[in-house]
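Here are the chains, one letter per residue:
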Amino acid sequence: MTQFAQETLLHWCAVALYIGGMVLFAHALLFDHPTRVHWAKWVTAAGLLPHSAALLSRWIAVGHGPYMMKYEVLSSNAWVALVMLLVFVWHRSSWAPLALLALPASILMVGAGLFSSPEARNLPPTLRSTWLVFHVFFNKLAVGAFVLAVASAIILLRKLKPTSGPLLDRLPKPDVIEAYTVRFVGFGFVFWSTTIVAGAIWANQSWGRYWGWDPIETWSLVTWLCYGCLLHARLFFRLSARSTAWGTVACFVISVLTVFIFPFLIPSLHSAYFQ
């Protein structure tokens, strides 16, 4: 069995367990079986084992972290998002509905990565920098926080509707959901800010300038400004819960374009590493 075949098998095992966890979460929440949320968390956590093994195998085989090819980037982003989800939900079972949104998004990321090019590539000299490690690490934390933020925002929008049901009644009150949505956005904003700073230092080491208005740099700044304006408006202009939720969704769309779409479509210094 080839190296990539082993990684693919491990990834599909992880996907199968993630799907099982998602089904258990859905069954527990829709049919009012709170004890099964515990099993759902354990099954999802079990999926992290083959997923981690696949990423580690890739890391050993190519000699660098999972940030070079589309296959590696998507898989590692999904891994970070799920770790953050489990860390949060494990001690706050009332927030288990987050899994019904975060798990499908992560499964789609892993699947998209598996159907992209698995080609291994040596690390270019411009990527051999400690600052790149910080740049990538905090970017993945930011993406995970933004995934939780948009999931919380969608739940908030549903909770604000004048309807009820067993699932909605078990959710926290809208003001609590909104508070956590803002916290997720805040965490992501801090991580994204650190990503930009570390990236600027790395760019100076690699290309001799801190900022060059590369398309991905520009869209990273746009994303930072969008989330910053959202937090500013929420904290100083008392945005309503509905406006905060829709603002979070809109900012997430911008961040998805910046992280998952433009690096693979727009010619730039960044996209050269992801083709």
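Residues numbered from 1 in each chain as written. Predicted model: local features only at pLDDT ≥ 70, side-chain atom pairs only at ≥ 80, totals over all residues. Heavy atoms only, no water.

**Description of the state of the cysteines**
Formally, a disulfide is one covalent bond, and it connects the sulfur atom of one cysteine to the sulfur atom of another. Operational definition: Only a pair of cysteine sulfur atoms within 2.5 Å counts as a disulfide in this structure description.
For the structure on display, the rule yields zero disulfides. With no disulfide of its own, Cys251 has Cys226 as its nearest cysteine by sulfur position, at a separation of 5.1 Å.

**Things to note about the side chain of Thr244**
Here is the rule: Every helix listed is a DSSP run of H or I at least four residues long, and every strand listed is a run of E at least two residues long, numbered separately from the N terminus. Two residues qualify as a contact provided that any one of their heavy atoms is within 4.5 Å of a heavy atom in the partner residue.
The residue Thr244 is located in helix α9 (residues 241–265) in this model. Residues in contact with Thr244, not counting those within four places in the same chain, are Glu178, Val182, Leu230, Arg234 and Leu239.

**So, the nonpolar core**
Note the cut-off: What is meant by a nonpolar core is a set of buried Ala, Val, Leu, Ile, Met, Phe, Trp, Tyr and Cys residues, joined one to another through side-chain atoms within 4.5 Å. Exposed residues in this analysis have more than 50% of their type's maximum accessible area, buried residues have under 20%, and partly exposed residues fall in between, with area computed by a 1.4 Å probe over protein chains only.
The biggest cluster of nonpolar side chains holds 64 residues, and the ones touching the most others in it are Leu85 and Leu98. Taken together, the elements giving at least two residues each to this core come down to α1 (3–30), α2 (35–62), α3 (70–90), α4 (99–114), α5 (130–160), α7 (174–207), α8 (215–236) and α9. Here this core takes 15 residues from α5, the largest share from any one element.

**Let's talk about empty space enclosed by the protein**
Keep this limit in mind: Of the two site types, the cavity is a set of points on a 1 Å grid over the protein atoms alone where a 1.4 Å probe fits but cannot get out, and the pocket is an open set with protein on both sides within 12 Å along at least five of seven lines, each lined by residues with an atom within 4 Å of a point. Grid points are joined across faces, edges and corners, and a volume is the space filled by probe spheres set on the points. Residues are sorted three ways: Asp, Glu, Lys and Arg are charged, Ala, Val, Leu, Ile, Met, Phe, Trp, Tyr, Cys and Pro are nonpolar, and all the rest, Gly among them, are polar.
Tallied over the entire structure, the rule returns two cavities of 30 Å³ or more. What lines the second largest cavity is simply Val143, Phe146, Trp192, Phe252, Ser255, Val256, Val259 and Phe260. Elements with a contribution of two residues or more to the lining of the second largest cavity: α5 and α9. Among the elements that make up the lining of the second largest cavity, the one with the highest residue count is α9 (five residues). Class assignment for the residues of the lining of the second largest cavity results in seven nonpolar, one polar and no charged.

**Let's talk about the pattern of salt bridges**
Rules: Salt bridge, as used here: a side-chain nitrogen of Lys or Arg that lies within 4 Å of a carboxyl oxygen of Asp or Glu.
Summed over the entire model, instances satisfying the criterion amount to four salt bridges. A salt bridge links Glu7 to Arg58, with the shortest nitrogen-to-oxygen separation between them at 3.7 Å. Taken together, the residues span a long stretch of sequence, with Glu7 in helix α1 and Arg58 in helix α2 at a distance of 51 residues. Judged by its relative accessible area of 0%, Glu7 falls in the buried class.

**Here's the deal with the packing of aromatic side chains**
Stated precisely, the cut-off is as follows: What counts as a ring pair is set by centres within 6.5 Å for rings of Phe, Tyr and Trp (its six-membered ring), and what kind of pair is set by the plane angle: stacked under 30 degrees, edge-to-face over 60, tilted for all other angles.
Counting across every chain of the model gives 11 aromatic pairs. Here the aromatic rings of Phe138 and Phe191 are separated by 6.2 Å at their centres, their planes lie at 35°, and the arrangement is tilted. Residue Phe138 is found in helix α5, and its partner Phe191 is found in helix α7; the two are separated by 53 residues along the sequence. Pair check on accessibility: Phe138 and Phe191 agree, each one buried.

**Description of the environment of Trp224**
Definition in use: Under this definition, polar contacts are N or O atom pairs within 3.5 Å; protein pairs additionally need one hydrogen-donor-capable and one acceptor-capable atom, and for neighbouring residues in sequence, both atoms have to be side-chain atoms.
For Trp224, the position within the fold is in helix α8. For Trp224, a relative accessible area of 29% corresponds to the partly exposed category. Once residues within four sequence positions are removed from consideration, Trp224 is found in contact with Phe189, Trp192, Ser193 and Ile196. At 2.7 Å, the side chain of Trp224 and the side chain of Ser193 are in polar contact.

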